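Chain by chain, the residues:
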Amino acid sequence: YQRRVRGSVKSSRLEMRVPGSDTNTYLAIAASLAAGAYGVKNNLELPEPVKGSGYLSAAPRLPRSLEEATQKMKESPIAVELLGQTFVDHFVLTREHEWEQFRDSVTQWEIKRYFEII
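Now for a description of the structure that goes with this document. Keep in mind it's a predicted model, so treat the numbers as computed, not measured. (Residues numbered from 1 in each chain as written. Predicted model: local features only at pLDDT ≥ 70, side-chain atom pairs only at ≥ 80, totals over all residues. Heavy atoms only, no water.)

What follows deals with the packing of aromatic side chains. Scanning the model with the defined rule gives three aromatic pairs in all. When the ring of Phe87 is compared with that of Phe91, the centres are 5.4 Å apart and the planes differ by 15°; the resulting orientation is stacked. Here Phe87 and its partner Phe91 are both found in helix H4 (residues 85-103), four residues apart, which amounts to about one turn of the helix. Ring centres of Trp109 and Tyr114 lie 5.8 Å apart, and the angle between their planes is 85°; on these two criteria the pair is classed as edge-to-face. A relative accessible area of 55% places Trp109 in the exposed class. (Phe/Tyr/Trp six-rings, centres within 6.5 Å; stacked < 30°, edge-to-face > 60°. Helix = DSSP H or I, 4+ residues; strand = E, 2+ residues; numbered from the N terminus. Buried < 20%, exposed > 50% of the residue type's maximum accessible area, 1.4 Å probe, protein only.)

So, in structure tokens, the structure goes:
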């Protein structure tokens, strides 16, 4: 995630934290820089910072699954503008394939939860 750390004019900064070890660091940084440049180019206003628990705020939620995130990217004209149609099409196909593989697997949680029932 990214956050803006406000301080004095000399000490303000932007932090970029990679969400997981499976994240492609290069893609995450490229997408973050492209999104920032897009916001500057289009004079987008930053939303108000979330104060307190983000879970209890009215801030928009990130996708809750790979399937939902993939669908949002597939439908995003901004993703195409920033990353190109060829990249978006290819990346979406790889994530759809990954989601199909995950959906066909039995997780440890399911085994633990439902094994007693059998």
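Before going further, it helps to examine unusual backbone geometry. With phi around 50°, Asn43 is a residue other than glycine that occupies positive phi space. Tracing the backbone through its elements, the reader meets Asn43 in the loop between helix H1 (25-41) and helix H2 (66-74).

Let us now look at the environment of Val80. Relative to the helices and strands, Val80 is located in helix H3 (residues 77-83). The class for Val80 is partly exposed, based on a relative accessible area of 24%. Among residues more than four places away in sequence, those in contact with Val80 are Gln85 and Val88. (Contact = heavy atoms within 4.5 Å.)

On the surface, Val106, Ile111, Phe115 and Ile118 cluster together into a nonpolar patch covering about 490 Å² of accessible area. Classification of Phe115 as exposed rests on a relative accessible area of 60%. (Patch = residues over 30% accessible without salt bridge, like charges linked within 9 Å, V, L, I, M, F, W, Y side chains within 5 Å. Areas by Shrake-Rupley, 256 points an atom, 1.4 Å probe, with all protein chains shown as cover. Salt bridge = Lys/Arg side-chain N within 4 Å of Asp/Glu carboxyl O.)

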